[in-house]
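The lines below spell out each chain.
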Amino acid sequence: MFWQILPSAEVQFVILKRGSGLENVKTKLLSLEKSILDAYLEHKSDPLVGTIEPSMYLGRFDWDTNIVPSDIRPYAKECINNLIHVHSEVYTVSPSLVDSVLPQVVQTIAEELYRLMSCVKKFSVPGIQQARADICALQEILAPYSTPKAKTFFNDALEIIPPIEKSDSTII
(Lines give C-alpha, C1' and ligand atoms only; values in the text may rest on other atoms or scores of the structure.)
Protein backbone atom coordinates (compact mmCIF):
# COMPACT_ATOMS: atom_id res chain seq x y z
CA MET A 1 0.00 0.00 0.00
CA PHE A 2 2.79 2.42 0.89
CA TRP A 3 4.46 1.68 -2.47
CA GLN A 4 1.28 2.56 -4.29
CA ILE A 5 1.06 5.97 -2.60
CA LEU A 6 4.73 6.82 -3.12
CA PRO A 7 4.57 7.28 -6.93
CA SER A 8 1.50 9.49 -6.52
CA ALA A 9 3.26 11.62 -3.91
CA GLU A 10 6.33 11.84 -6.12
CA VAL A 11 4.26 13.11 -9.08
CA GLN A 12 2.59 15.69 -6.85
CA PHE A 13 5.98 16.85 -5.58
CA VAL A 14 7.26 17.26 -9.14
CA ILE A 15 4.15 19.21 -10.13
CA LEU A 16 4.47 21.44 -7.08
CA LYS A 17 8.14 21.96 -7.78
CA ARG A 18 7.41 22.88 -11.41
CA GLY A 19 4.61 25.21 -10.32
CA SER A 20 6.90 27.03 -7.92
CA GLY A 21 9.48 27.24 -10.70
CA LEU A 22 6.94 28.95 -12.93
CA GLU A 23 6.07 31.38 -10.17
CA ASN A 24 9.76 32.07 -9.69
CA VAL A 25 10.16 32.76 -13.42
CA LYS A 26 7.08 35.03 -13.41
CA THR A 27 8.48 36.93 -10.44
CA LYS A 28 11.86 37.34 -12.14
CA LEU A 29 10.24 38.49 -15.39
CA LEU A 30 8.07 41.02 -13.59
CA SER A 31 11.13 42.29 -11.75
CA LEU A 32 13.03 42.55 -15.04
CA GLU A 33 10.11 44.35 -16.69
CA LYS A 34 9.98 46.85 -13.81
CA SER A 35 13.74 47.44 -14.04
CA ILE A 36 13.55 48.02 -17.79
CA LEU A 37 10.55 50.32 -17.38
CA ASP A 38 12.28 52.30 -14.62
CA ALA A 39 15.43 52.66 -16.74
CA TYR A 40 13.37 53.80 -19.73
CA LEU A 41 11.44 56.31 -17.61
CA GLU A 42 14.66 57.72 -16.20
CA HIS A 43 16.14 57.86 -19.69
CA LYS A 44 13.10 59.75 -21.03
CA SER A 45 11.93 61.78 -18.03
CA ASP A 46 15.23 63.30 -16.91
CA PRO A 47 16.05 65.01 -20.22
CA LEU A 48 12.41 66.03 -20.71
CA VAL A 49 12.21 67.63 -17.29
CA GLY A 50 15.66 69.13 -17.73
CA THR A 51 14.40 71.15 -20.72
CA ILE A 52 11.43 72.72 -18.93
CA GLU A 53 13.28 75.38 -16.92
CA PRO A 54 15.57 76.64 -19.72
CA SER A 55 12.61 76.69 -22.10
CA MET A 56 10.48 78.49 -19.50
CA TYR A 57 12.95 81.37 -19.28
CA LEU A 58 13.77 81.50 -23.00
CA GLY A 59 14.41 85.08 -24.12
CA ARG A 60 15.05 86.16 -20.52
CA PHE A 61 11.38 85.78 -19.68
CA ASP A 62 10.38 86.98 -16.21
CA TRP A 63 7.10 86.29 -14.39
CA ASP A 64 7.14 89.96 -13.37
CA THR A 65 6.58 90.93 -17.02
CA ASN A 66 4.35 93.59 -18.51
CA ILE A 67 3.73 91.58 -21.68
CA VAL A 68 0.08 90.53 -21.91
CA PRO A 69 -0.16 86.80 -22.71
CA SER A 70 -1.57 85.78 -26.06
CA ASP A 71 -0.57 82.11 -26.10
CA ILE A 72 0.94 79.50 -23.84
CA ARG A 73 4.72 79.75 -23.48
CA PRO A 74 7.12 77.58 -25.51
CA TYR A 75 7.98 75.40 -22.49
CA ALA A 76 4.33 74.29 -22.22
CA LYS A 77 4.22 73.43 -25.92
CA GLU A 78 7.53 71.60 -25.58
CA CYS A 79 6.13 69.50 -22.71
CA ILE A 80 3.17 68.52 -24.87
CA ASN A 81 5.35 67.72 -27.89
CA ASN A 82 7.77 65.68 -25.79
CA LEU A 83 4.92 63.67 -24.30
CA ILE A 84 3.54 63.02 -27.80
CA HIS A 85 7.00 61.76 -28.79
CA VAL A 86 7.20 59.43 -25.78
CA HIS A 87 3.68 58.18 -26.50
CA SER A 88 4.61 57.44 -30.10
CA GLU A 89 7.82 55.68 -29.13
CA VAL A 90 6.19 53.52 -26.46
CA TYR A 91 3.15 52.73 -28.59
CA THR A 92 5.41 51.56 -31.43
CA VAL A 93 7.18 49.11 -29.13
CA SER A 94 4.25 47.98 -26.99
CA PRO A 95 0.84 49.70 -26.93
CA SER A 96 0.04 48.02 -23.61
CA LEU A 97 2.88 49.94 -21.91
CA VAL A 98 1.50 53.39 -22.78
CA ASP A 99 -0.72 53.41 -19.68
CA SER A 100 2.26 52.46 -17.51
CA VAL A 101 4.77 54.95 -18.91
CA LEU A 102 2.86 58.16 -19.67
CA PRO A 103 1.30 58.70 -16.23
CA GLN A 104 4.75 58.57 -14.66
CA VAL A 105 6.15 61.05 -17.19
CA VAL A 106 3.19 63.39 -16.62
CA GLN A 107 3.73 63.16 -12.87
CA THR A 108 7.39 64.11 -13.33
CA ILE A 109 6.39 67.11 -15.46
CA ALA A 110 3.79 68.23 -12.91
CA GLU A 111 6.29 67.90 -10.07
CA GLU A 112 8.85 70.01 -11.95
CA LEU A 113 6.28 72.71 -12.73
CA TYR A 114 5.36 72.83 -9.05
CA ARG A 115 9.04 73.17 -8.13
CA LEU A 116 9.60 75.92 -10.68
CA MET A 117 6.51 77.90 -9.67
CA SER A 118 7.59 77.70 -6.03
CA CYS A 119 10.89 79.38 -7.00
CA VAL A 120 9.25 82.45 -8.58
CA LYS A 121 9.90 85.51 -6.40
CA LYS A 122 7.39 87.95 -7.90
CA PHE A 123 4.48 87.82 -10.35
CA SER A 124 3.01 90.76 -12.24
CA VAL A 125 -0.63 90.63 -13.35
CA PRO A 126 0.39 89.50 -16.88
CA GLY A 127 2.81 87.01 -15.28
CA ILE A 128 -0.02 85.59 -13.17
CA GLN A 129 -2.20 85.32 -16.26
CA GLN A 130 0.58 83.62 -18.21
CA ALA A 131 1.46 81.16 -15.46
CA ARG A 132 -2.17 80.21 -14.89
CA ALA A 133 -2.81 79.83 -18.64
CA ASP A 134 0.27 77.60 -19.03
CA ILE A 135 -0.43 75.37 -16.03
CA CYS A 136 -4.16 75.10 -16.77
CA ALA A 137 -3.49 74.22 -20.42
CA LEU A 138 -1.01 71.52 -19.43
CA GLN A 139 -3.31 70.25 -16.73
CA GLU A 140 -6.18 69.96 -19.21
CA ILE A 141 -4.19 68.40 -22.05
CA LEU A 142 -2.31 65.93 -19.84
CA ALA A 143 -5.41 64.99 -17.78
CA PRO A 144 -5.94 61.58 -19.44
CA TYR A 145 -2.53 60.47 -18.13
CA SER A 146 -2.50 62.37 -14.82
CA THR A 147 -2.11 60.34 -11.66
CA PRO A 148 -3.67 61.61 -8.43
CA LYS A 149 -0.17 62.75 -7.41
CA ALA A 150 0.27 64.65 -10.71
CA LYS A 151 -3.10 66.35 -10.18
CA THR A 152 -1.94 67.38 -6.72
CA PHE A 153 1.30 68.84 -8.13
CA PHE A 154 -0.64 70.80 -10.79
CA ASN A 155 -3.07 72.11 -8.17
CA ASP A 156 -0.24 73.00 -5.78
CA ALA A 157 1.53 74.88 -8.59
CA LEU A 158 -1.67 76.85 -9.24
CA GLU A 159 -2.02 77.61 -5.52
CA ILE A 160 1.48 79.11 -5.45
CA ILE A 161 0.54 81.55 -8.22
CA PRO A 162 -1.31 84.55 -6.79
CA PRO A 163 -5.03 84.65 -7.62
CA ILE A 164 -6.24 86.72 -10.54
CA GLU A 165 -8.49 89.65 -9.72
CA LYS A 166 -11.87 89.35 -11.45
CA SER A 167 -11.16 92.46 -13.58
CA ASP A 168 -7.86 90.95 -14.78
CA SER A 169 -9.25 87.53 -15.67
CA THR A 170 -11.00 88.63 -18.87
CA ILE A 171 -7.77 88.49 -20.89
CA ILE A 172 -7.46 84.72 -20.51
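Below you will find a few notes about this structure. The structure displayed is predicted, hence computed values, not measured ones. (Residues numbered from 1 in each chain as written. Predicted model: local features only at pLDDT ≥ 70, side-chain atom pairs only at ≥ 80, totals over all residues. Heavy atoms only, no water.)

1. Here's the deal with helix 5 (residues 148–160)
Alright, step 1. For helix 5, with 13 residues, the first-to-last C-alpha span of 18 Å sits near the 18 Å given by 1.5 Å per residue.
Alright, step 2. Listed as buried for helix 5 are Ala150, Phe153, Phe154, Ala157 and Leu158. Along the axis of helix 5, the buried positions cluster into a sector of 135°, meaning they face one direction only. When the buried face of helix 5 is taken as reference, the exposed residues oriented beyond 90 degrees from it are Pro148 and Glu159.
Alright, step 3. Buried residues along helix 5 sit against helix 3 (98–119) and helix 4 (125–141). (Helix = DSSP H or I, 4+ residues; strand = E, 2+ residues; numbered from the N terminus. Expected span 1.5 Å × (residues − 1). Buried < 20%, exposed > 50% of the residue type's maximum accessible area, 1.4 Å probe, protein only. Arc of directions from axis to C-beta. Contact = heavy atoms within 4.5 Å.)

2. Section: the nonpolar core
Alright, step 1. In this structure, Trp63, Leu113, Met117 and Leu138 are the most contacted members of the largest nonpolar core, which totals 39 residues.
Alright, step 2. Within the residue set of this core, elements represented by two or more residues are helix 1 (2–56), helix 2 (74–93), helix 3, helix 4 and helix 5.
Alright, step 3. No other element matches the 10 residues that helix 3 contributes to this core.
Alright, step 4. Residues within four places of Leu138 in sequence aside, it is in contact with Tyr75, Ala76, Cys79, Ile80, Leu113 and Phe154. (Core = buried A, V, L, I, M, F, W, Y, C linked by side-chain atoms within 4.5 Å.)

3. Quick look at unusual backbone geometry
Alright, step 1. Even without being a glycine, Arg60 presents a positive backbone phi close to 55°.
Alright, step 2. Its place among the elements puts Arg60 in the loop between helix 1 and helix 2.

4. Things to note about the pattern of salt bridges
Alright, step 1. On inspection of all chains with the given rule, the structure shows 7 salt bridges.
Alright, step 2. Taking the shortest distance from any N to any O, the salt bridge between Glu89 and Lys44 comes out at 3.1 Å. Note that Glu89 is positioned in helix 2 and Lys44 in helix 1, a separation of 45 residues in sequence.
Alright, step 3. The exposure class assigned to Lys44 is buried, which follows from its relative accessible area of 17%.
Alright, step 4. The partner of Lys122 in a salt bridge is Asp64, with the nearest N and O atoms 3.8 Å apart. Placement of the pair is Lys122 in the loop between helix 3 and helix 4 and Asp64 in the loop between helix 1 and helix 2, with a sequence separation of 58 residues.
Alright, step 5. When salt bridges with common partners are traced through the structure, they connect Glu53, Glu112 and Arg115 into a single cluster. (Salt bridge = Lys/Arg side-chain N within 4 Å of Asp/Glu carboxyl O.)

5. Thoughts on the packing of helix 4 against helix 5
Alright, step 1. Between helix 4 and helix 5, the least distance of the axes is 10 Å, while the angle of their chain directions is 165°. With respect to their mutual orientation, helix 4 and helix 5 come out roughly antiparallel. Pair helix 4 / helix 5 crosses with left-handed handedness. Across the interface between the two elements, Arg132, Ile135, Cys136, Leu138 and Gln139 from helix 4 touch Lys151, Phe154, Asn155, Ala157 and Leu158 from helix 5.
Alright, step 2. Of the residues in the contact of helix 4 with helix 5, the class split is 6 nonpolar, 2 polar and 2 charged. (Axes fitted to C-alpha atoms, helices over the stretch in contact; angles between N-to-C directions. Parallel < 35°, antiparallel > 145°, perpendicular 65-115°, else oblique. Left-handed = near helix turned anticlockwise from the far one by under 90°. Nonpolar A, V, L, I, M, F, W, Y, C, P; charged D, E, K, R; others polar.)

6. Some points on the side chain of Arg73
Alright, step 1. By secondary structure assignment, the location of Arg73 is in the loop between helix 1 and helix 2.
Alright, step 2. In this structure, Arg73 is buried with no salt-bridge partner, the nearest side chain bearing the opposite charge being Asp134 at 5.1 Å.
Alright, step 3. Among the polar contacts made by the side chain of Arg73, one reaches the main-chain carbonyl oxygen of Leu58 at a distance of 3.4 Å.
Alright, step 4. Other than its neighbours up to four places away in sequence, Arg73 contacts Ser55, Met56, Leu58, Phe61, Gln130 and Asp134. (Lys, Arg positive; Asp, Glu negative; His and termini not counted. Polar contact = N/O pair within 3.5 Å; in protein donor to acceptor, adjacent residues only side chain to side chain.)

7. Overview of the packing of aromatic side chains
Alright, step 1. Applying the stated criterion to the full structure yields 3 aromatic pairs.
Alright, step 2. Between Trp63 and Phe123, the ring centres sit 6.0 Å apart and the planes meet at 50°, which makes this aromatic pair tilted. Here Trp63 is found in the loop between helix 1 and helix 2, whereas its partner Phe123 is found in the loop between helix 3 and helix 4, with 60 residues between them in sequence. Each member of the pair Trp63 and Phe123 is classed as buried.
Alright, step 3. Between the aromatic rings of Tyr114 and Phe153, the centroid separation amounts to 6.0 Å while the plane-to-plane angle is 40°, which identifies the pairing as tilted. Taken together, the positions of Tyr114 in helix 3 and Phe153 in helix 5 put the pair 39 residues apart, joining distant regions of the chain.
Alright, step 4. The exposure class assigned to Tyr114 is partly exposed, which follows from its relative accessible area of 30%.
Alright, step 5. Members of the aromatic cluster, each reached through a chain of ring pairs, are Phe61, Trp63 and Phe123. (Phe/Tyr/Trp six-rings, centres within 6.5 Å; stacked < 30°, edge-to-face > 60°.)

Spatial relationships are all this shows, so hold off on functional conclusions.
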